[in-house]
Amino acid sequence: MTRFTAFATAAAVALLSAAPALAQAPRQAPATRAEVQLSFAPVVKRAAPAVVNVYGSRVEQVQAHPFFDDPIFRRFFGDRGGQGRQGGPQRAEVARSLGSGVIVERSGLVITNNHVVENMTEVKVALADRREFEVDIVLRDPRTDLAVLKLRNPPPELAVIEVGDSDALEVGDIVLAIGNPFGVGQTVTQGIVSALARTQVGVADYQSFVQTDAAINPGNSGGALVDMSGRLIGVNTAIFSRSGGSHGIGFAIPTALVRLVVESAKAGSQTVRRPWFGGRLQNVTADVAESLRLARPTGALVVSVVPNSPAARAGLRAGDLITAVDNQAVEDPDGFGYRFGVKPIGGMASIAVTRNGRALVVPVALEPAPPGGQDAITITGPSPFAGARVATLAPGMADELRVSHRSDGVVVMAVEPNSAAAQVGLQPGDVVVGVNGREIARPDDLREVTAQRARLWRFQIDRGGQIISSMLGG
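Note that the structure is predicted; figures quoted are calculated from it, not measured. (Residues numbered from 1 in each chain as written. Predicted model: local features only at pLDDT ≥ 70, side-chain atom pairs only at ≥ 80, totals over all residues. Heavy atoms only, no water.)

> Teacher, can you tell me more about the pattern of salt bridges here?
Any two side chains of opposite charge can pair, given that their charged atoms come close. Inspection of every chain in the model, using the stated rule, returns 19 salt bridges. Salt-bridge contacts for R463 lead to D430; the nearest nitrogen and oxygen are separated by 2.7 Å. Of this pair, R463 sits in strand β24 (residues 456–463) while D430 sits in the loop between α11 (420–423) and β22 (431–435); the two residues are 33 residues apart in sequence, bridging distant segments of the chain. For R463, a relative accessible area of 30% corresponds to the partly exposed category. For D430, a relative accessible area of 2% puts it in the buried group. Several salt bridges converge on common partners, so that one network encompasses R438, R442, D444, D445, R447 and E448. (Salt bridge = Lys/Arg side-chain N within 4 Å of Asp/Glu carboxyl O. Helix = DSSP H or I, 4+ residues; strand = E, 2+ residues; numbered from the N terminus. Buried < 20%, exposed > 50% of the residue type's maximum accessible area, 1.4 Å probe, protein only.)

Okay, structure coming up:
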């Protein structure tokens with residue numbers, strides 16, 4: 001055992017021995033040899049029974065022979081109609097996923113990662129004592145990469161983890177990661193909180209991850225990151241790795257976000273209701289910080305505000321610099337999105353703003369985005385858009401599809417498989433802004449312009465803020 005590991009273990013046990021006054025007791029190094037020889041076992045016994053293994057499966061149709069994946073082979077032997085997109089005989093194959101989860105309610109609610117159960121048609125969980133249960137997926141939220149499962153016929157003695165306060169974490173706090181790495185069975189690893197509010201991870205929309213050096217590997221996804229009182233303070237989600245294994249850089253979704261998703265599931269909702277801000281933000285670069293006379297580049301700069309949005313009604317405007325939400329500091333737009341997004345619907349949030357060098361506190365209403373999709377239509381007829389379901393880009397639709405709100409264009413909500421729209425590469429979230437020289441503002445505009453055949457189709461699409469111009473023969 002290295003000197004560093006011995007120190008970490010002793011410090012953890014010193015904190016554990018003072019559990020009744022954990023919130024008030026100062027952090028301290030081990031004082032005696034006996035403290036160095038103590039164990040994490042009491043923490044594990046408290047938390048581990050609530051950590052489960054999650055197994056997902058689905059049946060896929062794949063080519064029965066690898067030759068049919070070869071384009072030269074298909075050129076000579078042709079695509080066999082009715083035998084799949086690439087031709088050739090098909091066979092059924094079962095795709096599987098493996099991850100972890102945490103029981104958060106005695107009613108049988110389990111929190112895990114969305115990517116663990118995504119596209120799975122059958123999901124089971126195995127408890128720490130190896131009992132298996134079928135589950136229903138009651139809520140999936142790709143924007144946070146979280147999903148809530150519910151055990152069918154949960155046992156009355158079901159172990160439940162206590163959910164802690166991730167906002168109370170400090171860098172250097174000792175944590176344990178519990179999960180099922182590589183399918184070997186429940187495994188516990190130990191480390192510290194390496195950093196807080198990491199926003200450049202890229203695995204979810206709402207980014208403010210807890211970083212830890214506790215070993216996290218494939219299969220740990222959805223498992224528990226716990227503090228020295230055995231409380232859940234994060235759901236393990238991602239690792240930085242060049243080899244596929246742990247390099248000591250793991251990330252967990254903080255429980256402030258987990259609570260929001262679990263509460264939505266408990267309320268019977270199949271989606272997470274979160275507040276809508278109604279403004280576009282950007283990072284503060286060094287040049288911007290210099291122009292604003294800031295000591296350092298920090299905060300989220302308001303670029304534009306959607307008319308009649310909560311931000312607009314609060315009086316926010318382009319050029320305002322957001323520095324905090326309810327006294328919680330904001331370092332960048334992702335940090336603001338997390339701090340604002342975890343607020344419950346109803347009431348107000350206090351937004352700290354710097355405007356022309358003057359500090360302001362602005363109350364912003366916590367309300368959901370207006371819904372969209374009521375005018376949705378599916379395009380038919382002889383055009384590249386046939387098979388695309390489109391609607392006016394309302395704020396709620398923009399939020400759901402994770403696209404920037406704009407006043408013109410219609411958004412693609414869905415694309416039918418094997419349709420003309422699918423073949424030209426249209427995707428959900430694309431915003432059609434112009435076709436054959438005509439501006440598209442409503443779904444009826446697109447239906448009218450595509451109702452007749454054309455020898456040539458010219459159209460412009462906004463995809464992720466980038467305008468794509470295309471030309472196709474009719």
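Moving on, there is more to tell.
> Is there a simple way to think about the sheet that holds strand β9 (residues 209–212) in this case?
Where strands meet in a sheet, backbone hydrogen bonds hold them as pairs that are either parallel or antiparallel. With antiparallel pairing, 6 strands are arranged side by side around a closed barrel as β7-β8-β9-β12-β11-β10. Each strand of the sheet is rotated relative to its neighbour by a mean of 45 degrees, with strand direction disregarded. Strands in contact with helix α6 (residues 255–266) are β11 (232–239) and β12 (250–254); relative to β12, the strand with the most contacts, it is inclined by about 50 degrees. (Pairing = 2+ DSSP bridges. Axes fitted to C-alpha atoms, helices over the stretch in contact; angles between N-to-C directions. Contact = heavy atoms within 4.5 Å.)

> What's the story with the pairing of strand β4 (residues 122–126) in this structure? I'm lost.
Relative to strand β5 (residues 132–141), β4 is paired through 3 bridges, and the arrangement is antiparallel. Directly across from A126, in β5, lies its bridge partner E132. In this structure, the hairpin formed by β4 and β5 is closed by a connection of 5 residues, where R130 is found at a positive phi of approximately 80 degrees.

> Got a minute to help me understand α6 in this structure?
Working note: α-helix, 3.6 residues per turn, so residues spaced by three or four point in the same direction. Helix length check: α6 (12 residues) gives 16 Å between terminal C-alpha atoms against 16 Å at 1.5 Å per residue, within 8%. For α6, a buried count of 9 out of 12 residues is recorded, marking the element as mostly surrounded by other parts of the structure. Buried residues of α6: T255, A256, L257, V258, L260, V261, V262, S264 and A265, and no others. Taken together, the buried residues of α6 touch β3 (109–113), β5, β6 (146–151), β11, β12 and α9 (333–341). Looking one or two residues past α6, G268 carries a phi angle of roughly 90 degrees, positive in sign. (Expected span 1.5 Å × (residues − 1).)

> How should I be thinking about unusual backbone geometry in this particular structure?
Negative phi characterises most residues that are not glycine, and trans characterises most peptide bonds. Residues other than glycine seldom take positive phi values, yet N153 does so here, at roughly 55 degrees. By secondary structure assignment, the location of N153 is in the loop between β6 and β7 (174–179). Here the phi dihedral of N327 falls at roughly 70 degrees; this positive angle occurs in a residue that is not glycine. Note that N327 resides in the loop between β15 (321–325) and β16 (328–329).

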